[in-house]
Amino acid sequence: MPELARFRAKHGPLEERAAEAAASILHVDMDAFFVSVELLERPELRGRPVVVGGQKDQRGVVTAASYEARKYGVHSAMPLRTAGRLCPHAIFLDGHHEKYGKWSDRVASILVKFSPVVEMVSIDEAYLDLAGTERLHGPPLAAADKLLRTIKESTGLPCSGGLATTRLTAKVASDQAKPSGLVWVPPGGEARFLAPLPVRKIPGIGEVTERALRALGLETVEQLAAVPQEKLERIFGQWGEALYRKARGGDSYEFVIDAEPKSISHNHTFGEDTNDGNEMTTTLSHLSQKACKRLREAGLAARTLTLTIRYTGFETHTRAKTLAEPTQLDADIYAVFQGLFREHRDTRRKVRLLGVSLSGFTHGNNQLDLLEAERREKLARLTKAADRLRDRFGFGKVQFGGSLSAEDLNKRED
Ligand SMILES: [Mg+2]
């Protein structure tokens, strides 16, 4: 079993019995799935840089790249034209999603033979709980090895696996195992396994968090794990608690969605299409404050604010504004939405839906830092107090008035 040998080399001797008793979460991930499926029909392309998603002069993005293409910096979600520039000699293939779906089903039909608990989380990855399957397939490690070999032999598609005590650790392990490997992290070994990795390897930590952590001098999981929870919460809000947990290999059951948000949105559909300006600005204020509260809870500040207006008949207009500095303050954000609304609303038409969306996130309250210290403290205190009241009494009960500015907040606090 070469994969086991690889694991042992990585982690040294194991207390096998204890380990196998508890590390039963297996993350299975197909290697460069779309490329691998295409290569079943084009075996002559094996070992060459292959890009799936379209031709290199087309619009659109890469949906998969072979490991040979990745060496040139090509990765999925990258524009095809960029991939063409980075790796002009790559073979570009159109994608065939129906075909991938069928192969995914075949893989799934193998997975369910190994455990009653299988969760496909995307077309090419799944989590299995191997606890209690010993009588059929042996201890989890042996079962995992047999499972990966079965997939490879019966489909011809390469895959990798990670076996650990938590879903998060299992996912990181399968990534480390690629291509065509299996990495087992024994119970108690999670922190040691994760320590040397860059923070970005942790599921849910994206570019924004990576940047914020780097600014704090934190590049590896080990460095992140050394920061006290209170400090992370002070900087990142609720997200800080998740970071603390993740750095130790822990996850909530739904860690797939326990990730840094890309945008925060709130919409309201009017009971009846309206052209009542007051009703609309009140709604806008409400939506804006709701979004801001979530923004602060996530410890984020936003730079890009997008207003959506849908008129009778479903015609939808979106208008965005990008600020010079990110903000997390109700008053600033509402003022922008109000401006966008005044400027772009067609007053001759009735409105069906209003929506606000915040994106372009950075961590921390950068903008508060720019304000003069005393005023900043008052604003932060008031905003926090309002958020607390909202948690207690429900959102609708505690709102700043529609026209409230930062100065007004200041006065009210006094
Ligand atoms: Mg994959």
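Residues numbered from 1 in each chain as written. Predicted model: local features only at pLDDT ≥ 70, side-chain atom pairs only at ≥ 80, totals over all residues. Heavy atoms only, no water.

Enquirer: Looking at this model, I keep getting lost on the overall build of the protein chain. Mind explaining?
Expert: The helix and strand inventory of the protein chain stands at 19 helices and 12 strands. Per-residue burial for the protein chain yields a buried fraction of 50% across its 414 residues. Long-range contacts, defined as pairs at least 24 residues apart, comprise 65% of the intrachain contacts of the protein chain with a sequence gap of at least 6. (Helix = DSSP H or I, 4+ residues; strand = E, 2+ residues; numbered from the N terminus. Buried < 20%, exposed > 50% of the residue type's maximum accessible area, 1.4 Å probe, protein only. Contact = heavy atoms within 4.5 Å.)

Enquirer: Hey, could you run me through the sheet that holds strand β9 (residues 263–274) in this one?
Expert: By way of backbone hydrogen bonds, the strands of a sheet pair with one another, either parallel or antiparallel. Across the sheet, which stays open at both edges, the four strands sit in the order β9-β12-β10-β11 with antiparallel pairing between neighbours. Of all the strands in the sheet, just β9 and β11 (316–327) have a single pairing partner and so form its edges. Adjacent strand axes in the sheet meet at a mean angle of 15°, parallel and antiparallel pairs treated alike. For β9 and strand β12 (residues 351–363), the ladder comprises eight bridges, and the chain directions are antiparallel. The partner of His266 across the bridge, within β12, is Val356. (Pairing = 2+ DSSP bridges. Axes fitted to C-alpha atoms, helices over the stretch in contact; angles between N-to-C directions.)

Enquirer: Sorry, what's going on with the coordination of the magnesium ion here?
Expert: All of the protein donors around the magnesium ion are Asp29 (OD), Met30 (O) and Asp124 (OD); their distances to the metal are 2.2 to 2.4 Å. The sequence pattern formed by the donor residues of the magnesium ion is D-M-x93-D. Like Asp29, the residue Met30 is buried in the burial classification. (Donors = N, O, S within 2.8 Å, 3.2 Å for Na, K, Ca; no water.)

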